[in-house]
Amino acid sequence: MTLKIDIDDSAPPYEQVRARISEQARSGALPVGYRLPTVRGLAESLGLAANTVAKAYRALEADGVIETRGRNGTFVAAAGSAADRELASAAQAYAERARRLGLGEDVALAAVRDALRAVHGD
């Protein structure tokens, strides 16, 4: 795994670490099950504070990109399946909320399409 932090980048170092690990995991450069360096080890190799790398690892774990297995270490998770599960959960919650509000399927789907267009700029 190779990471470089750009001190001239406007993004904070923890965000750069988070983004680069996430990109490498999603592209397959870091395969599922790949063992990541320890927080201290990565911090040392990048010249960062351990808390900076720990913050990035916490964000990556919250996003389902990595998983910590206690003393066994931190590994690249099956990000696609974690993302799929999170999306399905959000969709289920939205569908239930739309039903409680008395909205029909057409209205609920139109709201989702509008939201997606707004986010993606279509």
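Residues numbered from 1 in each chain as written. Predicted model: local features only at pLDDT ≥ 70, side-chain atom pairs only at ≥ 80, totals over all residues. Heavy atoms only, no water.

By the naming in an unreviewed UniProt entry, the chain goes by DNA-binding transcriptional regulator YhcF (GntR family) and is assigned to Streptomyces collinus.

A.B. asks: Account for the pattern of salt bridges, with residues named and values stated.
C.D. replies: Here the structure, examined in full by the defined rule, presents three salt bridges. For Arg18, the salt bridge goes to Glu15, with nearest N and O atoms at 2.6 Å. Residue Arg18 and its partner Glu15 are located together in helix α1 (residues 13-27), separated by three residues, close to a single helical turn. Looking at Arg18, the relative accessible area reads 18%, which means it is buried. Accessibility expressed as a relative area gives 24% for Glu15, which makes it partly exposed. The partner of Asp114 in a salt bridge is Arg117, with the nearest N and O atoms 3.1 Å apart. In this pair, Asp114 and Arg117 are both assigned in helix α5 (residues 105-120), three residues apart and thus about one turn of the helix distant. Overall, the relative accessible area of 46% leaves Asp114 in the partly exposed class. (Salt bridge = Lys/Arg side-chain N within 4 Å of Asp/Glu carboxyl O. Helix = DSSP H or I, 4+ residues; strand = E, 2+ residues; numbered from the N terminus. Buried < 20%, exposed > 50% of the residue type's maximum accessible area, 1.4 Å probe, protein only.)

A.B. asks: Tell me about the packing of aromatic side chains, and please be specific about residues and values.
C.D. replies: Per the counting criterion, the structure on display carries zero aromatic pairs. When the ring centre of Tyr14 is taken as origin, the NZ or CZ atom of Lys55, which lies over that ring, is 4.1 Å away. Residue placement shows Arg69 over the ring face of Phe75; its charged tip is 4.0 Å from the ring centre. (Phe/Tyr/Trp six-rings, centres within 6.5 Å; stacked < 30°, edge-to-face > 60°. Lys NZ or Arg CZ within 6 Å of the ring centre and 35° of its normal.)

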